[in-house]
Amino acid sequence: PIASFAGKYRGRLNGYLLSAEEAMGRGQYYRAAGQYELAMTVDPRNPLPLLGRGHALLAAGDYVSALRALERGIRLFPQIAAFRLDLPALAGRHDAFDLRRADLEDRLAQTEHYELRFLLGYLELYSGFEEEGLRDLDLAAEAAPPDRVIAIFPDLIRGRRPLPPVGEVIRR
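Conventions used here
Residues numbered from 1 in each chain as written. Predicted model: local features only at pLDDT ≥ 70, side-chain atom pairs only at ≥ 80, totals over all residues. Heavy atoms only, no water. Helix = DSSP H or I, 4+ residues; strand = E, 2+ residues; numbered from the N terminus. Rg over C-alpha atoms; globule rule 2.2 N^0.38 Å. Buried < 20%, exposed > 50% of the residue type's maximum accessible area, 1.4 Å probe, protein only. Contact = heavy atoms within 4.5 Å. Lys, Arg positive; Asp, Glu negative; His and termini not counted. Charge placed at Lys NZ, Arg CZ, Asp CG, Glu CD. Phe/Tyr/Trp six-rings, centres within 6.5 Å; stacked < 30°, edge-to-face > 60°.

## Some thoughts on the overall build of the protein chain
(1) Moving on: A tally of helices and strands in the protein chain yields 9 helices and 0 strands.
(2) Moving on: Ordered by position in the sequence, the α and β elements of the protein chain form the string α-α-α-α-α-α-α-α-α.
(3) Moving on: For the protein chain, the C-alpha radius of gyration of 15 Å lies close to 16 Å, the compact-globule estimate for 172 residues.
(4) Moving on: Taken along its principal axes, the extent of the C-alpha atoms in the protein chain is 40 × 35 × 25 Å.
(5) Moving on: The buried share of the protein chain, taken over its 172 residues, is 51%.
(6) Moving on: A separation of at least 24 residues holds for 58% of the contacts in the protein chain among residues at least 6 apart in sequence.
(7) Moving on: Counting 23 positive and 24 negative side-chain charges, the protein chain places the centres of these two groups 7 Å from one another.

## Topic: the environment of Ala102
(1) Moving on: Looking at where Ala102 falls in the secondary structure, it is placed in helix H6 (residues 98–110).
(2) Moving on: Measuring from C-alpha to C-alpha, the distance between Ala102 and Leu120 comes to 9.1 Å, with 18 residues separating the pair along the chain.

## Notes on the packing of aromatic side chains
(1) Moving on: Overall, the coordinates contain 5 aromatic pairs when judged by the stated rule.
(2) Moving on: Ring geometry for Phe118 against Phe153: centres 5.8 Å apart, planes inclined by 75°, an arrangement best described as edge-to-face. Placement of Phe118 in helix H7 (residues 114–125) and of Phe153 in helix H9 (residues 149–158) is noted, with a sequence separation of 35 residues between them. Of the two residues, Phe118 and Phe153, both sit in the buried class.

So, in structure tokens, the structure goes:
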């Protein structure tokens, strides 16, 4: 599983990615999101800073912004569905998302919403709860409009929908 988005080479992009991951490990999620934004300015076509920013905002509980960043990142790099992420390792803390999972479950118990269901499924899938994650991603996909990444993500993960060629962006 992928435990870091930073590469082994020195450079501004990797410097920002490392700084973001260090901030995540300290629980400074908005600082991490800012470092991921700086990484995006170095390489705007690289989806990893977008995904990392989504993870940081998700850990902070900023669900709307997290969802937008994750959707944009997946749209730019749908091949991420072929990889296994280790969200707790990416966050640098094994408890970083426990509170968010509980919060999302509470919110969904009150009112069902496909975007929150997607975030819960994403968290579960990449935090070691694959069965629950896939179930929640499927529920989100069923309720989502067909032009949203949310609607196709479970099929990409399961291989029921072919991944587009590398570099090809999912269109609406």
